[in-house]
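# Working through the structure, step by step
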Amino acid sequence: MIQIAVLGYGTVGSGVVEVINTNHASINKKAGDEINIKYVLDLRDFPGDPVEEVLVHDFETIINDPEVQIIVEVMGGLEPAYTFTKRALEAGKCVCTSNKELVARHGTELLEIAKSKDINYLFEASCGGGIPIIRPLNSSLTADEIDEVTGILNGTTNYILSKMASDGSDFADVLKEAQRLGYAERNPEADVEGYDACRKIAILSSLAYGNHVNYEDVYTEGITKITAEDIKYATVMGTSIKLLATSRKVGDGFYAMVSPVMIDQNNPLFSVNGVFNAIFIHGNVLGDAMFYGSGAGKLPTASAVVADVVDCAKHLHRNIMMNWSSKKLELMKIDDVKSRFFVRLGGSLSERLEEVEALFGKVNVVTVPSLKDEFAFITEEIAEHEYKEKAEKLDGILSMIRARF
């Protein structure tokens, strides 16, 4: 029997307990041993919940029990999750987590400790909820040289943008609805400002390229400036606006960024709507591959965590090598990254087109009949710094969105 402990009995923690109890027989068969939840740690009490039988309030009970071989950390945040995880690994206990904030900040250190102890620190659920992506990057795709990872990595922002597109609503109104439905937190900053997606692309990039990508170096822009008017242009053009987290190899360099991007129907991410997530990978041998599914939610995320528990059970006292070194991957300056740019501009098309083309050269022009005294244009592919220099000379810019088509 393999004894495990679950740290945190919130949404994901209760989901882990539910998944193990529901699929107990098949999980044990796949693990090759019986997995038993000996402890659940939480500061709260849960009167009437069966978890009361295994509930403890003190981490010392768990860390000092030699029978506990695997710890599931689903507390979220940096502390006390970091301290508990580090102590558990140093004590020779495997740890499985869904905590992307912790993995992004301390992943290299915790992986090194696990390796030194010949145990495992696994985090499949940290980047795509229920979507299996860490394991494919770490094992299935090792024959490839990955040169691009692009994903819709946040269900909250994808829901908001999808709803704005389908209803023509403003950002603020859809955000309120997302909060009412439980898709967005009361403080949605980490989602809508792109911070959540930023941490996830840093983790995925570190695994894809083998060297550490510091999430603080990733250029990050959220969706709070996307307007109903922007969506109208996208609809007229047959395009879609998505918050994309991208890292890409360009020549000998790499860049990583999170920002809203306008994509057309040829892009495999175009039809990923609602709270669903998808991750697109390009390898020099494989070509294109996409992983799609529920990127968040109680049971999908818990399913990925429990899959890691099974992996740990199958590899007790045997480290699974991770392609993530502590050597830092130096990223290109974002100013050197090239994109096309969708730009909305105030004023009359007939009066201002000459001015626009004097700066940007030949552009594609878009108009929306219901929007008076403005038009939009799409540039050819130019570097970020070129766009900024030209945009500074153009009065009346209403919005700018990068375009990939």
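What you see is a predicted model, and the numbers here were worked out from it, not measured in a lab.

## As for the nonpolar core
Counting 116 residues, the largest nonpolar core has Tyr121, Phe123 and Ile160 as the members making the most contacts within it. Here this core gets nine residues from one element, more than from any other, and that element is helix H11 (residues 195-209). Those residues in contact with tyrosine 121 that sit more than four places away from it in its chain are Thr85, Leu89, Val95, Thr97, Leu102, Val103, Leu110, Leu111, Ala114 and Met322. Judged by nonpolar contacts, the second largest core, of 13 residues, contains Val343, Phe360, Phe377 and Ala391.

## Structural notes on unusual backbone geometry
With an omega of 5°, the peptide bond between glutamate 79 and proline 80 qualifies as cis. On the secondary structure map, proline 80 appears in the loop between strand S4 (68-73) and helix H4 (81-90). Of note in the backbone geometry, aspartate 118 takes a positive phi value of approximately 60° without being a glycine. Relative to the assigned elements, aspartate 118 resides in the loop between helix H5 (100-116) and strand S6 (121-122). One non-glycine residue, histidine 317, adopts positive backbone phi at about 60°. Mapped onto the elements, histidine 317 comes out in the loop between helix H13 (298-314) and strand S13 (338-346).

## A few points about a nonpolar patch on the surface
A surface patch of nonpolar side chains, about 280 Å² in accessible area, is lined by Phe276, Met290 and Tyr292. As for its placement among the helices and strands, tyrosine 292 is situated in strand S12 (residues 287-294).

## Side note on H13
The end-to-end C-alpha distance of H13 is 25 Å, a good match for the 24 Å that 17 residues give at a rise of 1.5 Å each. All of the buried residues in H13 are Thr301, Ala302, Ala304, Val305, Val306, Asp308, Val309, Val310, Asp311, Cys312 and Ala313.

## Examining the pairing of strand S15 (residues 374-378)
In terms of residue burial, S15 counts as a mostly covered element, since five of its five residues are buried. On S15, burial covers both faces: Glu374, Ala376 and Ile378 on one face and Phe375 and Phe377 on the other are all buried. Note that S13 and S15 share five bridges and pair antiparallel. Considered in S15, the bridge of phenylalanine 342 is made with isoleucine 378. As paired elements, strand S14 (residues 364-366) and S15 share three bridges and run antiparallel to each other. Counted as the bridge partner of valine 366 is alanine 376 from S15.

## Considering the side chain of asparagine 154
Mapped onto the secondary structure, asparagine 154 falls in the loop between strand S7 (146-152) and helix H8 (155-167). A polar contact is formed between the side chain of asparagine 154 and the backbone nitrogen of threonine 157, at a distance of 2.8 Å. Only 2.9 Å separates the side chain of asparagine 154 from the side chain of aspartate 196, close enough to count as a polar contact. Beyond its immediate chain neighbours, meaning those up to four positions away, asparagine 154 contacts Asp191, Asp196 and Asn277.

Conventions we followed
- Residues numbered from 1 in each chain as written.
- Predicted model: local features only at pLDDT ≥ 70, side-chain atom pairs only at ≥ 80, totals over all residues.
- Heavy atoms only, no water.
- Core = buried A, V, L, I, M, F, W, Y, C linked by side-chain atoms within 4.5 Å.
- Buried < 20%, exposed > 50% of the residue type's maximum accessible area, 1.4 Å probe, protein only.
- Helix = DSSP H or I, 4+ residues; strand = E, 2+ residues; numbered from the N terminus.
- Contact = heavy atoms within 4.5 Å.
- Patch = residues over 30% accessible without salt bridge, like charges linked within 9 Å, V, L, I, M, F, W, Y side chains within 5 Å.
- Areas by Shrake-Rupley, 256 points an atom, 1.4 Å probe, with all protein chains shown as cover.
- Salt bridge = Lys/Arg side-chain N within 4 Å of Asp/Glu carboxyl O.
- Expected span 1.5 Å × (residues − 1).
- Pairing = 2+ DSSP bridges.
- Polar contact = N/O pair within 3.5 Å; in protein donor to acceptor, adjacent residues only side chain to side chain.

Geometric values such as these leave the question of function open.
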